[in-house]
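Per-entry structural report
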Amino acid sequence: MSLGQKIGRLRQERGLTLQEVSDGSGLTPSFLSRLERDKVNISVANLRKLAQFFSVQMTHFFEGEDSQQAGQVLTLADRVRLSLDDAPVQVYALLPPNSDLEARMIEARPGSGQQGFSGRGSQMVLVLQGQLRYTLGDEEYTLNMGDTLFYRDDMAHSWINSGETLAVVLTVSALAGREER
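Scope of this entry: the structure provided in the associated data block. Because the structure is predicted, anything quoted here is derived from the model rather than measured.

**Digging into the overall build of the chain**
Of the regular secondary structure elements, the chain holds four helices and ten strands. Reading the chain from its N end, one meets helices and strands in the order α-α-α-α-β-β-β-β-β-β-β-β-β-β. Classification of the 181 residues of the chain by burial places 35% in the buried group. Summarising the internal contacts of the chain: among those between residues at least 6 apart in sequence, 57% fall at separations of at least 24. Accessible area for the chain stands at about 10,700 Å²; split by element, carbon and sulfur atoms hold 50% of it.

Put into structure tokens, the structure is as follows:
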């Protein structure tokens with residue numbers, strides 16, 4: 001499979017349009033289209049932009065189908081921030097986007113928190129530092145350092161850093177219906 005075909009397949013697997021990849025990488029849709037059809041070559045700098053956008057190592061584009069490694073390391077430098085730089089809650093992806101799991105490291109300032117409803121599967125929350133007040137439907141839990149909470153992610157939930165220091169939390173989600181994506 002050619003480099004352009006691999007880029008096109010990755011884009012399609014993620015359900016992205018050429019315009020969405022363009023917006024995220026800074027490369028024009030017409031260039032991306034020609035690249036996927038092997039009509040142009042790409043510079044290392046532009047390939048790096050695509051690798052960063054897709055949250056993969058640059059070597060991902062050069063690996064053969066039969067030479068996949070048994071494991072994949074995502075270094076601290078490769079970690080993708082999913083929040084704005086100045087947000088009171090910082091969220092980092094810890095796994096590649098094509099994983100059957102979703103793992104995130106969350107850093108929350110005192111008094112900050114999040115709410116959600118995703119229905120994507122099961123969720124595990126591990127408090128590595130600080131204290132959280134976690135609400136699942138009508139139930140409320142106080143989680144301290146070392147505490148783990150597990151629940152089905154099919155109900156409204158919210159949490160707040162109820163402590164006086166930075167809270168650091170690891171979340172892991174087993175994504176339901178991944179094969180349908």
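**Let's talk about the sheet that holds strand E9 (residues 157-161)**
Across the sheet, which stays open at both edges, the four strands sit in the order E4-E9-E6-E7 with antiparallel pairing between neighbours. Because the sheet does not close on itself, it has two edges, and the strands there are strand E4 (113-116) and strand E7 (139-144). Adjacent strand axes in the sheet meet at a mean angle of 15 degrees when their direction is disregarded.

**Observations concerning the packing of helix H1 (residues 3-13) against helix H4 (residues 44-54)**
Axis separation between H1 and H4 bottoms out at 12 Å; the angle between their running directions is 25 degrees. Comparing the axis directions of H1 and H4 gives the class roughly parallel. Seen from above, H1 lies across H4 with left-handed handedness. Residue-level inspection shows Leu3, Ile7, Leu10 and Arg11 of H1 in contact with H4, the latter providing Leu47, Leu50 and Phe54. Residue composition of the contact of H1 with H4, by class: six nonpolar, no polar and one charged.

**Here's the deal with the pattern of salt bridges**
Counted according to the given criterion, the structure contains five salt bridges. Between Arg9 and Glu13 there is a salt bridge, and its shortest N-O distance comes to 3.6 Å. In this pair, Arg9 and Glu13 both sit in helix H1, four residues apart, roughly one turn of the helix. Judged by relative accessible area, which is 32%, Arg9 ranks as partly exposed. What makes Glu13 exposed here is its relative accessible area of 51%.

**Topic: helix H2 (residues 18-25)**
Those residues of H2 lying buried are Val21, Ser22 and Ser25. Along the axis of H2, the buried positions cluster into a sector of 105 degrees, meaning they face one direction only. The elements touched by buried residues of H2 are H1, helix H3 (29-36) and H4.

**Structural notes on the environment of Thr148**
The residue Thr148 is located in strand E8 (residues 148-152) in this model. Taking the C-alpha atoms as reference points, Thr148 and Leu170, separated by 22 residues in sequence, lie 9.5 Å from one another. Sequence-distant contacts of Thr148, that is, excluding residues within four places in its chain, are made with Met124, Val125 and Leu126.

**What to know about unusual backbone geometry**
Despite not being glycine, Asp38 shows a phi value in the positive range, around 60 degrees. Along the chain, the position of Asp38 falls in the loop between H3 and H4. Looking at Asp38, the relative accessible area reads 41%, which means it is partly exposed. The phi dihedral of Ser55 is positive, around 60 degrees, even though this residue is not glycine. Looking at where Ser55 falls in the secondary structure, it is placed in the loop between H4 and strand E1 (80-81).

**Focus on the nonpolar core**
Among the nonpolar cores identified, the biggest contains 15 residues, and Val125, Leu132, Tyr134, Leu143, Leu149 and Trp159 are the most heavily contacted of them. Elements represented by at least two residues in this core include exactly strand E2 (89-93), strand E3 (101-108), strand E5 (121-129), strand E6 (131-136), E8 and strand E10 (167-175). Broken down by element, this core gets its largest block of residues, three residues, from E6. Not counting chain neighbours up to four residues away, the residues in contact with Val125 comprise Leu132, Tyr134, Leu143, Asp147, Thr148, Leu149, Tyr151, Val169, Leu170 and Thr171. Residues Leu10, Leu27, Leu47 and Leu50 belong to the second largest nonpolar core, which totals 14 residues.

Conventions used here
- Residues numbered from 1 in each chain as written.
- Predicted model: local features only at pLDDT ≥ 70, side-chain atom pairs only at ≥ 80, totals over all residues.
- Heavy atoms only, no water.
- Helix = DSSP H or I, 4+ residues; strand = E, 2+ residues; numbered from the N terminus.
- Buried < 20%, exposed > 50% of the residue type's maximum accessible area, 1.4 Å probe, protein only.
- Contact = heavy atoms within 4.5 Å.
- Areas by Shrake-Rupley, 256 points an atom, 1.4 Å probe, with all protein chains shown as cover.
- Pairing = 2+ DSSP bridges.
- Axes fitted to C-alpha atoms, helices over the stretch in contact; angles between N-to-C directions.
- Parallel < 35°, antiparallel > 145°, perpendicular 65-115°, else oblique.
- Left-handed = near helix turned anticlockwise from the far one by under 90°.
- Nonpolar A, V, L, I, M, F, W, Y, C, P; charged D, E, K, R; others polar.
- Salt bridge = Lys/Arg side-chain N within 4 Å of Asp/Glu carboxyl O.
- Arc of directions from axis to C-beta.
- Core = buried A, V, L, I, M, F, W, Y, C linked by side-chain atoms within 4.5 Å.

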